[in-house]
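Below, each chain spelled out in residue letters.
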Amino acid sequence: MLSPTDAAGSLWKLLEQSGHPFTREFGAVRPADSHVGAGSVETHGTTVIAVKFKDGVIAVGDRRATANFAVMYDKADKVLAIDDTTLLAISGSFARAMDVVKYLRTSFKLFERTYLQPMSLEGKLTELARVVKAGIPDALQGIGGFIPILATFDRESNEGRIFFYDGMGARFESTEFGAAGSGSMQIRGVFDYIVKTVKPFHQMTRDEALTQALLLLDIAADLDAATGGWAKIMPLARTITVNGIEEVPEETLKTIIEQLDRSISR
Amino acid sequence: MYTPFDINEAIGHRKDFVEAGLRSGSPVVGIQCDEGMLLVTIRRSQRKVYEIYDRQMFSAIGRQSDIENVRLSAIQTAHQEGFERSPDDVSLHRLVGFALSPALKKAFGDQMYVPVVIRALFAELGRTPSGDCFFALNYDGEYRQYTGVAAIAGSQRAEDKMLEALGQPEQKLSRDEAIRRALKGWVAGARDQISIASDDERDLDSPLRMVDEVDADRVFLEDELKFGALEVGFLQRRDKQDARFHLLNGDVLDKVISDLY
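Residues numbered from 1 in each chain as written. Chains lettered and ligands numbered in written order. Predicted model: local features only at pLDDT ≥ 70, side-chain atom pairs only at ≥ 80, totals over all residues.

**Concerning the overall build of chain B**
At step 1: Helix and strand counts for chain B stand at seven helices and ten strands.
At step 2: Along the first, second and third principal axes, the C-alpha atoms of chain B reach 55 × 50 × 30 Å.
At step 3: The proportion of buried residues among the 261 residues of chain B is 45%.
At step 4: Intrachain contacts of chain B at a sequence separation of at least 6 include 65% that bridge at least 24 residues. (Helix = DSSP H or I, 4+ residues; strand = E, 2+ residues; numbered from the N terminus. Buried ≥ 20, exposed ≤ 12 C-beta atoms within 10 Å, placed from the backbone. Contact = placed C-beta atoms within 7 Å.)

Here is the structure:
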């Protein structure tokens, strides 16, 4: 009890030592050896989008969570603050994503309180890669697959940054935008179209970027049966800038959506 | 074979050993104020006040490596509990009473190990001011709960003097007023410890030798601040974010000290 140094500062090692299931290793043997068809019991978050703007990053998500063809929940919060400088937009398995969010929040704090300095951006990205990777055995059986987008404000380079991951835990940095979830593939080309024909996201004001992000969400909702869009329930948008994380007020979203509604030809 | 006499004697020796290590530690004052809670001390070299969890902080006197071990154990236990259950389940009562105290008691009683030299003061910010509490944890696992004000020092007598100087707790104190009151408590404890150590603090080296008793506290504090630094941990209430711990910076503290006497 009073010789804690072998796991100091690492929540992962702590949980491993206590046998917590969160840290089961890649390739671990599972009771079920084939696809368990868990789609019907597992709730999934659908589309999330992160785009840069000139002061930082804005992340937007619709509020829908589905299980197969059922809408399980239409007030889901899929853009979550991990700490003062990190936003995580989540898609895929809701159960796993919530565990991961809790893990990261605790892990970053544990590190900072132990070592009296915040975890570096690189360290945080590695922690996230580790937990994505740890989910592979589950994902191969059709449950627990989850893909995050991490948005942060880098105080050293004084800019917003966006990182996205694949299912294996590989990490990529995006110069302009990131999207994940069921509707993200359908809208991938639209991001490029906006960058090439309107202007790069990082040169936009917050409201310009927000308008584009909401438009993208609307297209995703049109093309993906699982994505909720904003017809019924207001999406959720959070920004991250040098001042930290802020939620975009619902009134602002409403105003932009009304403008969009008037200008979009259906 | 051990007889009851041997056990008594052995424990007595261990107690003497630990108490000797604690005697010159810089006291720590815990005090509640309207904005939250404070742990106030004057440190010489190492940092002394640390965040443990969302609503808990800690400071201690003793051997540096022992303080570090207890600090890390507290942090680990709190974070593991917070992850596996909920941050709401992390409390000082559980942390001190069920994790740290039994471990310290075991370490103190085990003749195979060098005893842990520590006296620690924990603070926990409640959901409301009436839930705020302090826990003083001793090297032998004994602990005491305080509300409003708390103190740890190198000796029981110094602690008593500090509590006497701190007076009745007042929830309505402003943060800066509370720091000033805490410093007066700190001076009472530190002066008492020095008088025990040297038997006469008015020796030739003492800055107090030419001073009237009324000015003595001020001169003593000024002298201490020449070689040490005031350190104040602040657990803030009414903060939107989870992390409510701040280590107050020098500018804020300079202003507080300048208005002290």
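**Thoughts on the sheet that holds strand β5 (residues 118-124) of chain B**
Two orientations exist for strands paired in a sheet by backbone hydrogen bonds: parallel and antiparallel.
Residue and element names in this part refer to chain B.
At step 1: Strands sit in the order β3-β4-β5-β6-β7 across an open sheet of five strands; the sheet is antiparallel. Both edges of this open sheet fall to β3 (49-53) and β7 (143-146), since each of them pairs with a single strand only. On average, adjacent strands in this sheet sit at an angle of 25 degrees to one another, irrespective of strand direction.
At step 2: Across four bridges, the pairing between β3 and strand β4 (residues 56-62) is antiparallel. Looking across to β4, one finds that tyrosine 50 is bridged to phenylalanine 58. (Pairing = 2+ DSSP bridges. Axes fitted to C-alpha atoms, helices over the stretch in contact; angles between N-to-C directions.)

**Concerning the pairing of strand β12 (residues 236-241) of chain A**
Residue and element names in this part refer to chain A.
At step 1: Counting buried positions along β12 yields five of six residues, so the element is predominantly enclosed.
At step 2: Pairing analysis gives six bridges linking strand β3 (residues 56-61) to β12, with the strands arranged antiparallel. Its bridge partner lying in β12, valine 60 is registered against alanine 237.
At step 3: Adjacent in sequence and paired antiparallel, β12 and strand β13 (residues 244-247) are bridged by two residues.

**Thoughts on the interface of chain B and chain A**
At step 1: The partner chain A presents 18 residues to the 17 residues of chain B that form the contact.
At step 2: In terms of residue count, the dominant contributor to the side of chain B that touches chain A is helix α2 (residues 64-84) of chain B (eleven residues).
At step 3: Among the residues forming the side of chain B that touches chain A, the class breakdown is nine nonpolar, six polar and two charged. (Nonpolar A, V, L, I, M, F, W, Y, C, P; charged D, E, K, R; others polar.)

**Observations concerning unusual backbone geometry**
All names here are of chain A.
At step 1: Located in the positive-phi region is leucine 116, a residue other than glycine, with phi close to 60 degrees.
At step 2: As for its placement among the helices and strands, leucine 116 is situated in the loop between α2 (94-115) and α3 (121-134).
At step 3: Judged by local crowding, leucine 116 falls into the exposed class, with 11 C-beta atoms found within 10 Å.
At step 4: The phi angle at asparagine 158 is positive, at roughly 55 degrees, despite the residue not being glycine.
At step 5: Looking at where asparagine 158 falls in the secondary structure, it is placed in the loop between β8 (146-154) and β9 (159-165).

**Re the sheet that holds strand β10 (residues 245-247) of chain B**
Residue and element names in this part refer to chain B.
At step 1: Taken in spatial order, the five strands make up an open sheet running β8-β1-β2-β9-β10, and their pairing is antiparallel. The open sheet has two edge strands with one neighbour each: β8 (149-152) and β10. On average, each strand axis in the sheet is tilted by 15 degrees relative to the strand beside it, whichever way the strands run.
At step 2: Inspection of the sheet shows strand β2 (residues 36-43) paired to strand β9 (residues 229-236) by eight bridges, in the antiparallel sense. Bridge pairing in β9 links glycine 36 to glutamine 236.
At step 3: Sheet contacts for helix α4 (residues 156-166): β1 (28-33) and β8; angle to β8, the most-contacted strand, approximately 155 degrees.

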